[in-house]
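Chain and residue survey
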Amino acid sequence: MAASPIYLDHHATTPCDPRVLDAMLPWFTERFGNASSATHRYGWEADAAVEMARESLAHSLGAADPRELVFTSGTTESDNLALQGLVRAASAGEPHLVTTAIEHPAVLDVCVALEREGARVTRLPVAGDGRVDPAAVAQAITPQTLLVSVMAANSEIGTLQPLAEIGRICRERGVLFHTDAAQALGKLRLDVEALGIDLLSACAHKLYGPKGVGLLYVRDRRPRIRLLPLLYGGGHERGLRSGSLPVPLVVGFARAVELCLEELPGEADRLTALRERLWNGLRAGLPDLRRNGHPSERLPGNLNVCIPGLEADALIAALKDVALSSGSACASASGEASHVLAALGLSDSAARASLRFGLGRGTTQAQIDIATARVVEEARALRERGPRSAGLRKH
Ligand SMILES: Cc1ncc(COP(=O)(O)O)c(C=O)c1O
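Not measured: the values here are computed from a predicted model.

Remarks on the packing of helix H2 (residues 41-61) against helix H8 (residues 247-285)
Close contact between H2 and H8 brings their axes to 9 Å; oriented N to C, the two are set at 30°. In terms of orientation, H2 and H8 fall into the roughly parallel class. You can see that H2 and H8 cross each other, and the crossing is left-handed. Contacts between H2 and H8 involve Ala46, Ala49, Val50, Ala53, Ser56, Leu57 and Ser60 from the former and Val247, Val250, Val251, Phe253, Ala254, Val257, Glu258 and Leu261 from the latter. Residue classes in the contact of H2 with H8 are distributed as 12 nonpolar, 2 polar and 1 charged.

This is the structure we're talking about:
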């Protein structure tokens, strides 16, 4: 059987860490109770496990009270609950939201849906390095603004946003601040108090936890945040998210975050060094390579590069032994170039020539060296064969 491809797509998802799986396993089998069953030990045990996990996750985020966390199915649901829940709970007028042009569709597409229901949305541009200007956030806020939603780290270019400055502005102006931290949780220290965050979305599967579980942090101090639920039913999660809790996934989520934070300082340095090795190796072989995003204010494991003169999709298809992506699932589905790269000011052809490397816990130096050599080799071969085989389309 052929060897498994080298996995460099850790922004899409990550393998579940065996230590996380070990923590989850008993909750699938002998300890299978429903956390809402209040009449017997099976239920009590499951409930205690959920509450321990909630406490651990709240502690990781710097949340004052574990009850501020709502478990969901993932970041997409958390983003929907934050934005839809807030706008639908708003009493009168034309609610206004401020966001950026480079958010994930889990925020941007919700904004489009809310506009159809009468909300107004301001989408702020970003600089060439992918950072939003906090002064532009301040300027966009009006008396009708309910919420500012700015992601912590971008999933394509890895750029980190100035959360603390944006949080301070929101607090001063009395506006709620939401951040999509799907790519940031476990990779950076996030403290909702220090950063002035009122709502935070995240999930487990980006940080070596299981797929199918996420959380929404909802600050629970004055002024009280009112959200309408997306799902009605048994009134779980203080009425914000009905449905029996996936106990094994919740337990795994907490364990995954604990492990990431324990290992964070060393792992961040290791991944940064590997990323720079990759960047330098690629540049040595392809001198006209360009880096997309911020040179240093980015996720340790993210590199996004433009290789002029070819289409990234053709290169990715040729690289059967390296699992990579161009970074934008929407681009492959719709045939449109990435909205993130377009917002950075890249031309359509430069965006189509860009690919994303996502390094992670299992990535080794030997893998980086092989991947570097293979990318250089295939990119040169594609270019030599000319624009037709390099995948360049006529536009
Ligand atoms: C920034 C960001 N938000 C939201 C999502 C969606 O996350 P989930 O798969 O947990 O719904 C992703 C996943 O790629 C992401 O990177």
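There's plenty left to go through after this.
Side note on the packing of aromatic side chains
According to the stated counting rule, one finds 1 aromatic pair in the structure shown. Over the ring of Tyr208 we find Arg361, and its NZ or CZ is 4.1 Å from the ring centre.

A short note on the domain arrangement of the protein chain
According to the domain assignment, the protein chain contains domain 1 (6-12 + 264-385) and domain 2 (18-258). The distance between the C-alpha centroids of domain 1 and domain 2 comes to 28 Å. Note on domain 1 versus domain 2: buried area summed over both sides is about 2,200 Å², and carbon and sulfur give 55% of it. It is Leu264, Leu299 and Arg361 in domain 1 that bury the most area against domain 2; as a group they hold 26% of the surface buried on that side. In this structure, Glu297 engages Arg131 in a salt bridge whose closest nitrogen and oxygen atoms are separated by 3.8 Å. For the side of domain 1 that touches domain 2, the elements supplying multiple residues, two or more each, are H8, strand E10 (302-306) and helix H11 (339-343). Per-element accounting of the side of domain 1 that touches domain 2 gives the leading share, 4 residues, to H11.

Remarks on the sheet that holds E10
In space, the 3 strands of this open sheet follow the order E9-E10-E12, with antiparallel pairing throughout. Taken across any chain shown, the strands that pair with only one partner, and hence form the sheet edges, are strand E9 (290-291) and strand E12 (354-358). With 2 bridges joining them, E9 and E10 adopt antiparallel strand pairing. If you follow Arg291 over to E10, its bridge partner there is Val305. Contacting E9, E10 and E12, H8 runs over the sheet at an angle of about 15° to E10.

Description of the environment of Asn80
As for its position among the elements, Asn80 is in helix H3 (residues 75-89). When the C-alpha positions of Asn80 and Leu230 are compared, they lie 8.0 Å apart, and in sequence the two are 150 residues distant. Each residue touching Asn80, except ones within four places of it in the same chain, is listed here: Gly85, Ala106, Val110 and Leu230. Side chain to side chain, Asn80 and Gln84 meet in a polar contact 2.7 Å long.

Here we look at the environment of Val305
If you trace the backbone, Val305 turns up in strand E10. Since its relative accessible area comes to 0%, Val305 is described here as buried. Separated by 26 residues in the primary sequence, Val305 and Trp279 place their C-alpha atoms 8.5 Å from one another. Setting aside anything within four residues of it in sequence, one finds Val305 in contact with Trp279, Leu289, Arg290, Arg291, Asn292, Ala353, Ser354, Leu355 and Phe357.

Quick notes on the pattern of salt bridges
Pairing between side chains becomes possible if they bear opposite charge and their charged atoms approach one another. Enumeration over the complete set of coordinates arrives at 31 salt bridges. A salt bridge links Arg255 to Glu258, with the nearest nitrogen and oxygen atoms 3.1 Å apart. Here the residue Arg255 and the residue Glu258 both occupy positions in helix H8, the gap between them amounting to 3 residues, near one helical turn. On the basis of relative accessibility, which here comes to 28%, the residue Glu258 falls in the partly exposed class. Residue Arg374 is joined to Glu377 by a salt bridge in which the shortest nitrogen-to-oxygen separation is 2.8 Å. Separated by 3 residues within a single helix, Arg374 and Glu377 lie in helix H13 (residues 365-385), roughly one turn from each other. The exposure class assigned to Arg374 is buried, which follows from its relative accessible area of 16%. On the basis of relative accessible area, Glu377 is assigned to the partly exposed category, the value being 48%. Overlapping salt bridges, with partners in common, bring together Asp17, Arg19, Glu263 and Arg361 in one network.

Points about the sheet that holds strand E7 (residues 199-203)
Ordered in space as E2-E8-E7-E6-E5-E3-E4, the 7 strands form an open sheet in which the pairing is mixed. Sheet topology places strand E2 (69-72) and strand E4 (120-124) at the edges, where each strand pairs with a single neighbour. Taking each pair of neighbouring strands and ignoring which way they run, the sheet shows an average axis angle of 20°. By the bridge criterion, 5 bridges tie strand E3 (residues 96-100) to E4 in an arrangement that is parallel. Bridging across to E4, Thr99 finds its partner in Arg123. Of the strands in this sheet, E2, E7 and strand E8 (214-218) touch H2, which is tilted by about 115° from E2.

Cut-offs applied
Residues numbered from 1 in each chain as written. Predicted model: local features only at pLDDT ≥ 70, side-chain atom pairs only at ≥ 80, totals over all residues. Heavy atoms only, no water. Axes fitted to C-alpha atoms, helices over the stretch in contact; angles between N-to-C directions. Helix = DSSP H or I, 4+ residues; strand = E, 2+ residues; numbered from the N terminus. Parallel < 35°, antiparallel > 145°, perpendicular 65-115°, else oblique. Left-handed = near helix turned anticlockwise from the far one by under 90°. Contact = heavy atoms within 4.5 Å. Nonpolar A, V, L, I, M, F, W, Y, C, P; charged D, E, K, R; others polar. Phe/Tyr/Trp six-rings, centres within 6.5 Å; stacked < 30°, edge-to-face > 60°. Lys NZ or Arg CZ within 6 Å of the ring centre and 35° of its normal. Domains from an automatic or database assignment. Buried area = accessible area lost by both parts, 1.4 Å probe. Salt bridge = Lys/Arg side-chain N within 4 Å of Asp/Glu carboxyl O. Pairing = 2+ DSSP bridges. Polar contact = N/O pair within 3.5 Å; in protein donor to acceptor, adjacent residues only side chain to side chain. Buried < 20%, exposed > 50% of the residue type's maximum accessible area, 1.4 Å probe, protein only.

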